[in-house]
Amino acid sequence: MSPPAIINPSVLSADFAELGKACRDAMDWKSDWLHLDVMDGHFVPNMTFGAPVIGKLRKHVDRPKEAGGLGTFDCHMMIAEPMRWASIFRDAGVDMYCFHYEAAVTSVGAKDPADTQTTEKCTPKNLIRYIHELGMQAGIAIKPKTGVDVLWDILAAEDEKERPDMVLIMTVEPGFGGQKFMASELHKVTALREKYPNLNIEVDGGLAEGTIDQAAEAGANVIVAGSAVFGAKDPAHVIQVLRDAVDKRRGGEKL
Ligand SMILES: O=C(CO)[C@H](O)[C@H](O)COP(=O)(O)O
């Protein structure tokens, strides 16, 4: 059986002037994790917030009791140099540091924002190892134009410290909330679930009551939803619908 449903509202669609309240609300609505979209204006054509804001949000939500537990801060790092910032976000209270494959393979392996000397290339496996050494879980995300095949070698890393705890399949082009769900990306989820029954597979972009069944059927269990949750009249109900869809697929039965 695939892993349990993890419902993970993206605060990108919340009122940024009230982010602390948005995080508390989402946990009251029975979310499992909170999805924090960090955008740098380089890797994606938009900017959001960084570690100082996340550090303040951490005071509104208790740290998870175990890795991947309730209240996990899942940071989707849409930034050009993910290795450079990992320790800063760890210090701010991030639990899952999810970087983009496309950013990792085009950046240097500097581990400090001020480091101008390092020229050694970053690799996904080195970055995953480093994230684990920092005490965080590691996620790796791919954009719609990136094939799932880039992940096989990383998931099969001989050393488990170089293997990701989660894979994120983007079902929109990263950068903005409220976009149309790309069902064309779900074959990646199916392929991953076939090979890795226990892997946390996250989908992000356009997930809502009308699209969750397809994603759950493909095998996704970590469900990011921004506008569908924060724009809903009854967010707790939406969260329950998303959870039921994943659980129905897991149990192969009607709830
Ligand atoms: O990563 C993101 C955008 O890059 C967001 O998490 C995502 O788009 C969520 O928004 P919505 O559920 O409204 O599509």
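Preceding this paragraph is the structure being described.
In this text, all values refer to a predicted model and were calculated from it rather than measured experimentally.

### Observations concerning the packing of aromatic side chains
Move 1: The tally for this structure, following the rule as stated, stands at four aromatic pairs.
Move 2: For arginine 58, the ring lying beneath its charged end belongs to phenylalanine 73, and the centroid distance is 3.7 Å.
Move 3: In this structure, lysine 195 is placed above the aromatic ring of tryptophan 152, and the distance from its NZ or CZ to the ring centre is 4.8 Å.

### Quick look at the site of the ligand
Move 1: Around the ligand, the structure places 21 residues, and the nearest of them are Asp37, Gly175, Gly206, Gly226 and Ser227.
Move 2: The contact in question runs from an oxygen atom of the ligand to an N or O atom on the side chain of serine 10, over 3.5 Å.
Move 3: Residue glycine 226 places a main-chain N or O atom 2.8 Å away from an oxygen atom belonging to the ligand.
Move 4: Burial of the ligand by the protein chains amounts to 100% of its free accessible area of 370 Å².
Move 5: Taken together, the elements giving at least two residues each to the shell around the ligand come down to strand 2 (33-39), strand 3 (72-78) and strand 8 (222-225).
Move 6: Top contributing element to the shell around the ligand by residue count: strand 2, with three residues.

Procedures and definitions
- Residues numbered from 1 in each chain as written.
- Predicted model: local features only at pLDDT ≥ 70, side-chain atom pairs only at ≥ 80, totals over all residues.
- Heavy atoms only, no water.
- Phe/Tyr/Trp six-rings, centres within 6.5 Å; stacked < 30°, edge-to-face > 60°.
- Lys NZ or Arg CZ within 6 Å of the ring centre and 35° of its normal.
- Near = heavy atom within 4 Å.
- Polar contact = N/O pair within 3.5 Å; in protein donor to acceptor, adjacent residues only side chain to side chain.
- Areas by Shrake-Rupley, 256 points an atom, 1.4 Å probe, with all protein chains shown as cover.
- Helix = DSSP H or I, 4+ residues; strand = E, 2+ residues; numbered from the N terminus.

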